[in-house]
Amino acid sequence: VDTSTYGAGDNWDNPGGDWAESHFSRLTDISADNVGQLGLAWEFDLGTNRVQESTPIVIDGVMYASGNLGRAYALNAATGEELWSFTPEVDMQANRAACCDQANRGLAVAGGKVFTAALDGMLYALDAKTGEVLWKVDTIVDHERAYTSTGAPELAGDLVVIGNGGAEYDTRGYVTAYNVSDGTQAWRFWTIPHDPRDGPQESPELEAALETWSKDTRWDIGGGGTAWDAITYDPQFDQVIVGVGNGGPYPMKIRSPGGGDNLYLDSLVALDRKTGAMKWHFQETPQDQWDLTATQPMILAQLDVGGEQRPVILHTPKNGFFFVVDRETGKPLAANPIVRTSWADTWDLATGKPHLTPETSDYSNGPQIIFPASPGARNWYPAAYDPGRNIYFAHVIDMGNLFWVPGPDRPERIKGGMNAGVAAIFGADLPSVLATLPPLIQEQVKALPTYKTAMDLPQSNEVRAIDPLTGKTRWSIPGDGYQDRHGVLVTASGLVFYGDLAGKLHAVDAETGKELWSVDTGSSIMAAPMTYRVDGVQYVAVQTGFGGGGWGFVPPYSAAYQRGNANRLLVFKVGGGAVPLPAKLPPLEPAPAPPPQLSGVTPAMIAEGQATFTANCAACHSNQPRAGLPDLRRMSGNIHDAFDTIVLDGALVANGMPAWDDRLSKDQVKAIHAWLIDTQGKLRARELELQKRGEPLDSPSAAILSNF
Ligand SMILES: O=C(O)c1cc(C(=O)O)c2c(n1)C(=O)C(=O)c1cc(C(=O)O)[nH]c1-2
Ligand SMILES: [Ca+2]
């Protein structure tokens with residue numbers, strides 16, 4: 001790896017662009033002078049209509065793109081001609097273990113091989129020329145537990161490293177390094193300890209971590225600490241830096257009742273590349289109860305800190321702080337809040353720890369509004385760093401999240417199911433949802449010190465230019481809504497590119513934020529754009545598609561809502577043509593008439609069906625119009641007829657609907673069905689009435705109450 005240059009050139013060799021994963025390009029052919037003439041060079045239909053979070057790779061004129069579920073595509077980067085494509089054979093029961101859709105965040109390419117991790121945790125090495133499977137390895141230690149893979153594999157010399165997700169379920173996190181040549185395991189690093197009664201820990205650093213967990217920790221549930229997104233190889237120190245995820249279950253009084261920092265949750269850990277031994281750790285969110293992960297993308301840089309050049313990591317995790325961390329020592333050199341933070345107010349650089357504020361964040365004894373919310377001040381959508389300007393460009397969400405503990409302090413583990421142990425509502429929805437909550441919760445929420453803040457500014461979300469060492473914003477551009485996530489690209493010519501859910505791709509001036517160009521693509525964009533050059537022509541590429549966390553609410557202003565969720569790869573060049581827009585969808589029809597209610601159904605069964613649905617089905621089926629998955633209040637007669645075989649026997653498992661016969665009884669499924677029939681009837685009556693009055697039908701609402 002050549003670390004003498006910073007930023008990507010003609011090639012963009014990993015999803016982050018260069019060795020520093022900076023999403024920064026040294027190319028300057030496209031500049032403020034000609035960006036106005038950008039037009040479509042080519043487009044490629046990815047053949048799906050769900051989440052797209054990946055940034056493509058281009059090496060020597062070939063583009064390698066990943067799609068949802070772990071699909072891979074190789075294309076001629078100048079023409080878009082398909083060279084090959086790969087769809088993994090995924091065990092679709094894995095959908096039940098995926099919190100956030102069929103997300104996939106990219107490929108790794110090296111030595112004639114393309115690496116992709118499928119949702120079910122299978123890691124594939126494909127022949128870069130043909131797409132043929134050269135080897136595959138199951139990276140999951142226990143399929144009884146809800147592990148999935150959504151992150152990009154990371155190359156580290158002759159190793160490829162991959163983590164997994166599932167901290168909301170019943171998992172214990174780890175990352176594994178495999179030999180690029182044949183897929184044999186080189187090492188595995190567990191991020192948190194296991195039950196000490198089961199024998200010694202896997203490493204000395206885990207023995208040390210054990211001291212920070214309480215004696216009565218719910219080891220049976222797992223503890224969390226999944227590394228589901230950023231793993232970054234740092235060639236200068238030959239170390240693999242892993243961003244570790246949240247604790248599970250969320251509430252401390254369930255997970256680790258005696259408290260403790262719970263290492264290495266929400267930490268950056270640096271591992272020796274060759275052995276996987278830990279070199280240092282930096283915990284960004286001690287005593288986590290709020291899903292404030294450290295898994296968000298890292299950017300490596302070199303910064304002047306107080307007159308000294310230091311190798312650093314620029315990191316904006318979910319928790320609302322901007323960290324500059326020394327790559328050699330793991331010490332924080334700067335830690336400034338960039339949004340409201342109610343779990344900690346300041347950072348002490350001398351001790352390397354935050355000043356925690358449990359009075360506004362501990363929800364063990366009643367609800368709290370936590371800032372930032374669990375979707376994070378930042379999340380998987382990549383930031384970009386321009387070293388010449390020393391500016392970090394990133395989408396930032398400032399909102400709160402209401403948490404309380406609805407169940408017992410010692411719940412049973414639900415095997416392979418959600419075990420987060422909390423009720424959660426996003427701050428942006430608070431004003432509309434509050435009225436629907438139990439009166440006691442309403443009273444408690446209104447008395448909170450954070451209540452007024454949450455009501456005065458339910459949320460803001462913007463693309464910002466940020467100074468890394470101070471966290472100060474130089475300029476910002478407001479987004480349309482908190483479901484928007486803008487991955488960002490910056491070029492040495494001073495252009496910042498990002499897309500939005502409404503379907504626009506924008507180029508703005510890096511110095512001022514002034515818009516220089518935009519185009520309506522008719523397709524929702526979250527993924528980060530990238531740029532590359534073939535035969536002297538510079539291109540800008542981006543994948544389109546909405547989904548991931550919060551996929552159940554597709555905002556009406558989005559292209560995904562208005563024109564369908566097209567998954568396309570759009571590539572632009574100076575002098576290119578117009579972007580074809582997908583056709584507008586017809587207006588919503590009233591819900592079809594449901595069948596007669598099932599025999600022997602009582603109001604109590606209907607209520608029970610709703611509760612069972614909320615606990616098991618609502619994480620995917622939000623029952624909102626044009627959501628990522630079918631709105632079950634609009635089922636056709638055929639689907640009603642096949643309801644039991646679909647839910648219990650897995651008749652639609654190939655489409656991603658798992659079988660539930662291991663977890664739900666026939667009576668429970670009947671109760672769910674009865675509730676859906678009841679709901680569909682009521683929705684139909686309401687929509688026929690609205691139609692008669694000439695008013696718009698049921699529109700999606702952000703007011704989703706999730707019980708994890
Ligand atoms: O705790 C986990 O293991 C885990 C996994 C994932 C994932 O794998 O996508 C997400 C999260 N957590 C999470 O907290 C989160 O906000 C999130 C957003 C997304 C997404 O793709 O939009 N995934 C995930
Ligand atoms: Ca999580």
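As a starting point, this report considers the structure included with it. (Residues numbered from 1 in each chain as written. Chains lettered and ligands numbered in written order. Predicted model: local features only at pLDDT ≥ 70, side-chain atom pairs only at ≥ 80, totals over all residues. Heavy atoms only, no water.)

**As for the site of ligand 1**
Then, number 1: Around ligand 1, the surrounding shell holds 20 residues, and the nearest of these are Glu 53, Gly 166, Thr 226, Lys 318 and Gly 549.
Then, number 2: Trp 228 is positioned such that a nitrogen or oxygen atom in its side chain is 3.3 Å from a nitrogen atom of ligand 1.
Then, number 3: Asn 246 is positioned with one of its side-chain polar atoms (N or O) 3.0 Å from an oxygen atom of ligand 1.
Then, number 4: Coverage of ligand 1 by the protein amounts to 95% of the 470 Å² it exposes when considered alone. (Near = heavy atom within 4 Å. Polar contact = N/O pair within 3.5 Å; in protein donor to acceptor, adjacent residues only side chain to side chain. Areas by Shrake-Rupley, 256 points an atom, 1.4 Å probe, with all protein chains shown as cover.)

**Section: helix 4 (residues 439-446)**
Then, number 1: Buried within helix 4 we find Ile 441, Gln 442 and Val 445. Considered in projection along helix 4, the buried side chains sweep an arc of 100° and stay on one side of the axis. Exposed and oriented more than 90 degrees from the buried face of helix 4 are Pro 439, Leu 440 and Glu 443.
Then, number 2: Summarising the contacts, the buried residues of helix 4 are in contact with strand 27 (368-370), strand 30 (401-404) and helix 5 (451-456). (Buried < 20%, exposed > 50% of the residue type's maximum accessible area, 1.4 Å probe, protein only. Helix = DSSP H or I, 4+ residues; strand = E, 2+ residues; numbered from the N terminus. Arc of directions from axis to C-beta. Contact = heavy atoms within 4.5 Å.)

**Comments concerning empty space enclosed by the protein**
Left-over empty space is what a probe sized like a water molecule reveals as it rolls over the atoms.
Then, number 1: Summed over all chains, the structure comprises 3 cavities of 30 Å³ or more.
Then, number 2: Within this model, the second largest cavity holds a volume of roughly 280 Å³.
Then, number 3: Here the lining of the second largest cavity is composed, by residue class, of 9 nonpolar, 6 polar and 5 charged. (1 Å grid on protein atoms, 1.4 Å probe; cavity = no way out; pocket = protein on both sides within 12 Å on 5 of 7 lines; lining within 4 Å. Points joined across faces, edges and corners; volume = space filled by probe spheres on them. Nonpolar A, V, L, I, M, F, W, Y, C, P; charged D, E, K, R; others polar.)

**Let's talk about the pattern of salt bridges**
Then, number 1: For the coordinates displayed, the defined rule picks out 34 salt bridges.
Then, number 2: As a salt-bridge pair, Asp 101 and Arg 50 come within 3.0 Å of each other at their nearest N and O atoms. Placement of Asp 101 in the loop between strand 6 (82-86) and strand 7 (108-110) and of Arg 50 in the loop between strand 2 (38-45) and strand 3 (57-59) is noted, with a sequence separation of 51 residues between them. Here Asp 101 and Arg 50 have matching classes, each one buried.
Then, number 3: Ionic pairing is found between Arg 693 and Glu 689, a salt bridge with its closest N-O pair at 3.5 Å. (Salt bridge = Lys/Arg side-chain N within 4 Å of Asp/Glu carboxyl O.)

**Points about the side chain of Lys 318**
Then, number 1: Topologically, Lys 318 is positioned in the loop between strand 22 (308-315) and strand 23 (321-326).
Then, number 2: The exposure class assigned to Lys 318 is buried, which follows from its relative accessible area of 3%.
Then, number 3: Ignoring any residue separated from it by four or fewer positions in sequence, one finds Lys 318 in contact with Asp 291, Leu 292, Thr 293, Gln 296, Pro 372, Ser 374, Pro 375, Gly 376, Ala 377, Arg 378 and Asn 379.

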